[in-house]
Amino acid sequence: MQYENEMKLEFVSRSANESFARVAVAAFLSQLNPTLEEVADVKTALSEAVTNCIVHGYGDRKDGKDLIVVECKVSGRELYVSVIDQGCGIENVEQAMEPLFTTKPDSERCGMGFAFMEAFMDEISVTSKVGEGTRVDMKKIIGRGNKFDQ
């Protein structure tokens, strides 16, 4: 597939960087003239994916190799967002994507991260390998309900 524009962002797995990633992706998305709702949808899904990397992918590991990569690509009205870590990986992706499933039941986590991503994006796929990391690929079609772009 030919992309009209793309960007790659790499940052250390720290909670403070989650808001940085949201702003960067929202700025990149602005070229598609999205509605405020579309921007909020993408930012919410991205936030969930990045937070999963921080909390579940890397956990307490802080060795300087705990990087998160966010890639964004645009083709027509489609935005593609990938969030990649090299953390511990997910043993059972299908189970992890079930609403309310969490590997940290004693924390404040509610197990809705993947459900939120699925709700706010048009497509989502997750690939993971234990000990090597996880990749979340999401797609959002921009402008479906925007009367100014029809």
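See above for the structure.
Below you will find a few notes about this structure.

The rules we used
Residues numbered from 1 in each chain as written. Predicted model: local features only at pLDDT ≥ 70, side-chain atom pairs only at ≥ 80, totals over all residues. Heavy atoms only, no water. Axes fitted to C-alpha atoms, helices over the stretch in contact; angles between N-to-C directions. Helix = DSSP H or I, 4+ residues; strand = E, 2+ residues; numbered from the N terminus. Left-handed = near helix turned anticlockwise from the far one by under 90°. Contact = heavy atoms within 4.5 Å. Nonpolar A, V, L, I, M, F, W, Y, C, P; charged D, E, K, R; others polar. Phe/Tyr/Trp six-rings, centres within 6.5 Å; stacked < 30°, edge-to-face > 60°. Buried < 20%, exposed > 50% of the residue type's maximum accessible area, 1.4 Å probe, protein only. Expected span 1.5 Å × (residues − 1). Bend = angle between axes of the 7 residues up to and from the residue. Pairing = 2+ DSSP bridges. Core = buried A, V, L, I, M, F, W, Y, C linked by side-chain atoms within 4.5 Å.

### Brief notes about the packing of helix α1 (residues 16-29) against helix α2 (residues 36-58)
At step 1: Where α1 meets α2, the closest approach of the two axes is 9 Å, and the angle between their N-to-C directions is 145°. The chirality of how α1 crosses α2 is right-handed. Contact residues: Glu18, Ala21, Arg22, Val25, Ala26 and Leu29 in α1; Glu38, Val39, Val42, Lys43, Thr44, Leu46, Ser47, Val50 and Thr51 in α2.
At step 2: For the contact of α1 with α2, a count of residues per class yields eight nonpolar, three polar and four charged.

### A word on the packing of aromatic side chains
At step 1: One pass over the structure, following the stated rule, counts three aromatic pairs.
At step 2: Centre to centre, the rings of Phe11 and Phe20 are 6.4 Å apart; their planes meet at 85°, and the pair counts as edge-to-face.
At step 3: By relative accessible area, which is 5% here, Phe11 ends up buried.
At step 4: Phe20 sits in the partly exposed class, given a relative accessible area of 43%.

### Points about α2
At step 1: Under the 1.5 Å per step criterion, the end-to-end length of α2 is 32 Å for 23 residues, consistent within 8% with the ideal 33 Å.
At step 2: A maximum bend of about 25° is found in α2 at Asn52.
At step 3: Backbone geometry just downstream of α2 places Gly59 in the positive-phi region, at approximately 55°.

### Overview of the sheet that holds strand β2 (residues 67-75)
At step 1: An order of β1-β2-β3-β5-β4 is seen for the five strands of this open sheet, with the pairing classed as antiparallel. The sheet is open, and its two edges are formed by β1 (5-12) and β4 (123-129), each paired on a single side. Here the strands of the sheet are splayed against their neighbours by 10° on average, with no regard to which way each runs.
At step 2: Judged from the eight bridges that link them, strand β3 (residues 78-85) and strand β5 (residues 133-141) form a sheet pairing that is antiparallel. What sits directly across from Leu79, in β5, is Lys140.
At step 3: Seen against the sheet, α1 touches β1, β2 and β3 and runs at an angle of roughly 175° to β1.

### Focus: the side chain of Lys139
At step 1: Mapped onto the fold, Lys139 is located in strand β5.
At step 2: For Lys139, a relative accessible area of 12% translates into the label buried.
At step 3: Discounting chain neighbours no more than four positions away, the residues touching Lys139 are Glu78, Leu79, Tyr80, Met121, Asp122 and Glu123.

### Focus: the nonpolar core
At step 1: The biggest cluster of nonpolar side chains holds 35 residues, and the ones touching the most others in it are Val50, Ile68, Val70, Leu79, Val83 and Met138.
At step 2: With nine residues, α2 is the largest single contributor of residues to this core.
At step 3: Residues in contact with Val83, not counting those within four places in the same chain, are Leu46, Ala49, Val50, Cys53, Ile68, Val69, Val70, Thr134, Arg135, Val136 and Met138.

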